[in-house]
Structure formats: structure tokens, C-alpha cells
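For reference, the chains in residue letters:
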Amino acid sequence: MRIIVTHVKKQHVNRLLIALVKQGWLTQFYTGFAANAYLRLSRPWPRLFHQLRKHEFIGIPLEQIRSYPFAFAMAKLLRHEFGIMRIAFPLFDRWVARQIRRTESFDMIIGYENSNLITFQTAKQLGKVTILDLAQVHHNLIDSIGTNFRINGLTREQTEYINQRKQAALDATDYILTLSSFATQSLTENGICRSRIHEVNLGIDVQKFTPVEKPLGGPFRVLFVGEVCYRKGIDLVLKVFRQLALPDAELILIGPVSDGKDLLMQCTGAVRHLPFLHHDELVRYYQQADVFVFPSYLDSWGQVVLEAMACGTPVIVSENTGSKDAVLKGGGFVIPAGDESAMATKILHFYTNRSEVNRLGAVARRVAEQYTWENYYQQVTTALEDIARKENISTE
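Parameters at a glance
Residues numbered from 1 in each chain as written. Predicted model: local features only at pLDDT ≥ 70, side-chain atom pairs only at ≥ 80, totals over all residues. Heavy atoms only, no water. 1 Å grid on protein atoms, 1.4 Å probe; cavity = no way out; pocket = protein on both sides within 12 Å on 5 of 7 lines; lining within 4 Å. Points joined across faces, edges and corners; volume = space filled by probe spheres on them. Nonpolar A, V, L, I, M, F, W, Y, C, P; charged D, E, K, R; others polar. Axes fitted to C-alpha atoms, helices over the stretch in contact; angles between N-to-C directions. Helix = DSSP H or I, 4+ residues; strand = E, 2+ residues; numbered from the N terminus. Parallel < 35°, antiparallel > 145°, perpendicular 65-115°, else oblique. Contact = heavy atoms within 4.5 Å. Salt bridge = Lys/Arg side-chain N within 4 Å of Asp/Glu carboxyl O. Buried < 20%, exposed > 50% of the residue type's maximum accessible area, 1.4 Å probe, protein only.

### Considering empty space enclosed by the protein
(1) Moving on: Counted according to the given criterion, the structure contains 2 cavities of 30 Å³ or more.
(2) Moving on: In this model, the largest cavity occupies a volume close to 40 Å³.
(3) Moving on: Lining the largest cavity, in full, are Asp-93, Asn-114, Ser-115, Asn-116, Leu-117, Ile-162, Arg-165, Lys-166 and Ala-169.
(4) Moving on: Each pocket or cavity is described by its volume, and for the second largest cavity that value is around 30 Å³.
(5) Moving on: If you go around the second largest cavity, the residues you meet are Met-85, Asn-114, Ile-162 and Arg-165.
(6) Moving on: The residue makeup of the lining of the second largest cavity, split by class, is 2 nonpolar, 1 polar and 1 charged.

Pasting the structure below:
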């Protein structure tokens with residue numbers, strides 16, 4: 001089986017590529033920028049080396065990677081979300097379409113939303129199988145959630161333009177990989193047959209994210225990790241934390257800031273913000289937290305939830321978070337999106353019952369151990385083998 005993968009950015013595509021390399025199925029990977037070829041040359045300049053490492057695709061043979069830096073640079077220059085989707089991503093999409101016309105020796109192509117329309121239409125013309133690796137949920141659900149919560153800075157006209165392209169790409173899509181039951185349900189409720197969908201949960205490194213025994217006394221720590229923006233429900237957790245005004249308690253926010261700058265102005269006293277931490281430091285914060293909160297209004301998965309659970313920290317997540325699939329197995333609570341009362345009640349549950357932190361934290365760890373990267377690789381392999389069987393494609 002010969003598979004092409006195309007992704008202008010990174011997200012979780014590196015793990016998908018590793019799964020394909022393990023099986024010997026990867027033919028070519030097209031991306032905006034891969035730093036693999038430049039890392040050795042940049043070692044004398046630590047800051048440059050550190051920046052390039054963010055764009056390295058680990059475990060992928062260099063000869064199987066092709067970049068289109070022009071689209072990558074254009075995205076950096078444009079910055080605004082709509083400008084990137086309107087100009088930079090279509091540039092990449094057209095470039096990939098040209099490449100696959102010249103290289104027809106493949107069976108399947110896996111792509112990602114917003115940069116796959118022309119690529120998938122071209123692949124269908126060539127008689128190839130198209131697979132969408134969906135990192136989000138169906139666009140109609142995003143629209144619906146957007147009527148109640150602030151989840152992006154797009155105008156109605158901009159949203160309609162993007163959704164038209166997403167729908168056109170879906171029309172050229174044969175199969176879809178989703179990250180959670182939340183994402184799967186959003187597709188089936190919008191008319192996509194369940195037999196075309198394969199659910200593939202992301203994994204974590206359970207050797208890196210490990211638990212420690214938490215003290216029953218001392219400061220009570222509430223932790224959030226992720227982008228500081230309205231979509232993640234930061235406005236909700238800040239409001240609840242201020243209203244609770246718990247003695248000897250602190251809220252720690254870790255992550256880069258996007259549209260949440262005005263929210264950070266509210267971070268005084270018992271609220272701290274850390275824009276970035278290396279993984280080793282981040283593990284320590286997970287371990288020291290009494291409860292991890294992730295009240296996102298929209299998240300197809302939520303990797304940080306599993307990382308916190310693996311560190312033995314109980315979690316509170318919204319029902320609009322894909323990783324609720326794991327939380328429902330134990331180790332925390334799932335609350336309605338935007339529900340201040342439910343959030344406050346669950347935080348108070350841990351604050352007034354410190355022994356529950358360790359008890360539910362131990363359950364959270366056992367659940368998180370089911371979500372390894374090896375398990376993800378196996379799920380991807382099984383999904384692609386099933387697709388190949390349906391399409392009469394040899395997996396050799």
C-alpha cells in the first residue's frame with residue numbers, strides 16, 4: 001500500500017507519519033516547512049536551533065519529505081486566521097495538487113481541513129482514495145457552538161467562505177479519521193455514514209507523564225494548560241475562581257496567548273500565567289496540581305487532559321471536549337459547556353475533600369495508561385487496513 005500525506009502545518013501529523021513508516025506505507029509527505037535538513041547546520045546558534053526544532057518531523061526519512069516554504073512564509077506574514085486560510089493554505093493546496101499529478105504511483109492520500117480541497121479533487125480525478133484526518137469537528141457544529149460562545153474572531157462572511165470550502169472538500173472525501181466520539185457524532189448528525197468514519201484516539205508518553213503522591217495539606221492548586229483564548233473557556237474559569245475566592249488557593253494558567261489578552265488583565269493575586277514551559281517543567285506542574293480544568297467550548301480532543309491524568313491529577317472537562325471519552329471512564333468530571341455552577345461545584349468538591357484528589361488521581365492514571373502512542377499507531381494501522389480491504393488495495 002502506498003500512501004501520500006499532506007499537511008501544511010504540524011498538529012499530530014508526525015505521529016500519523018510514524019505509524020505509516022512502521023508499516024512501510026509512506027510514499028511521500030508534503031508540508032509547508034520541515035526543518036530536518038537544517039538542524040545540523042544550525043547547532044552553533046542555540047536560539048535558531050531551538051526554533052527549528054519546532055518544525056522537525058521526527059523519525060521520518062528525509063527523502064520522503066517535501067516542503068513548500070513559500071506557503072509557510074506567507075502564513076507567517078499574514079498572521080490573521082482568515083488571511084491564512086484564504087491565501088496561504090490554498091497556495092499549498094494547489095502546489096500539492098500539482099505534485100500528485102506528476103506522481104500518480106500511490107493508492108491513498110491523507111489530508112487535513114482547509115488545505116485539502118484541490119488536492120482531494122485532483123486525487124479523485126486520478127482514481128485515488130481520499131482520507132480526511134479531521135483534527136476538529138464538523139463545521140456545522142462549530143457554527144452552532146459559535147452562536148452561544150466566542151470561539152473565533154471570524155465574521156459571518158468569512159465563516160461562510162471557509163465552510164463552503166470545507167464542504168466541497170468533504171464532497172471529495174472517501175473516508176474520515178476522527179479523534180473522539182464527539183467528533184464522530186458531529187459528522188453522523190450531518191449526514192455522513194458511520195461506515196466511512198474511523199475513530200482514532202491520540203496517545204501520550206506515559207513514561208514521561210508520571211504521578212507523584214500529593215500532600216493532603218498546603219496550597220490548593222487549580223491548573224489549566226493550553227492556549228489562553230476564549231474558545232478554551234478561560235473566561236469561565238477566571239470568573240468562577242474569582243467568585244469562589246477560596247483561601248490558600250491559586251489558579252495557574254500555562255500557555256501562549258491569542259485572543260485572551262484582555263482576560264490576562266484579570267490575572268491578579270492568586271492567578272498566575274506562564275506563557276511557556278519545557279515538558280520536564282510542565283510535568284512538575286501537572287504533578288503538583290490538585291485539579292486540572294479544561295472548560296473548552298470546542299475541542300475535538302484535548303491532549304493536555306490525558307497528560308494531566310497520567311500525572312495522577314483528577315480533571316474537570318466540558319462536554320464539548322473530545323477527551324471526555326477518557327474522563328467518563330474515571331478520574332474526573334464532565335460538566336456542561338459554559339456552566340459556572342457546575343464548574344464551581346466540582347472545584348469545591350476537591351477543595352473540601354483533599355483525599356479525593358489522590359483517590360481520583362490514581363483512577364485517572366489507570367485510565368490514561370490506555371492511551372499510549374503505540375495504541376494510536378495500532379488504531380491507525382487497523383483503520384487503514386480496513387479501508388484498503390473495502391477498496392481492494394493490497395497492504396503489501
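Structure's up, so let's keep going.
### Let's talk about the packing of helix H7 (residues 139-146) against helix H8 (residues 156-171)
The axes of two packed helices give the description: the angle between them and the distance between them.
(1) Moving on: It is the contact of H7 with H8, at a shortest axis distance of 10 Å, that shows an interaxial angle of 155°. Comparing their axes, H8 and H7 come out roughly antiparallel. Listed contacts from H8 to His-139, Ile-142 and Asp-143 of H7 are Arg-156, Thr-159, Asn-163, Lys-166, Gln-167 and Leu-170.
(2) Moving on: The residue inventory of the contact of H7 with H8, partitioned by class, reads 2 nonpolar, 4 polar and 3 charged.

### With respect to the pattern of salt bridges
(1) Moving on: Here the structure, examined in full by the defined rule, presents 19 salt bridges.
(2) Moving on: Between Glu-199 and Arg-194 there is a salt bridge; the shortest N-O distance is 3.9 Å.
(3) Moving on: Owing to a relative accessible area of 41%, Arg-194 belongs among the partly exposed residues under this scheme.
(4) Moving on: A salt bridge links Lys-232 to Asp-299; the shortest N-O distance between them is 2.9 Å. Separated by 67 residues along the polypeptide, Lys-232 in the loop between strand E8 (220-225) and helix H10 (234-244) and Asp-299 in the loop between strand E11 (291-294) and helix H13 (303-310) bring together distant segments of the chain.
(5) Moving on: We classify Lys-232 as buried; its relative accessible area is 9%.
(6) Moving on: In the salt-bridge network here, residues are joined through shared partners; they are Arg-221, Glu-250 and Arg-272.

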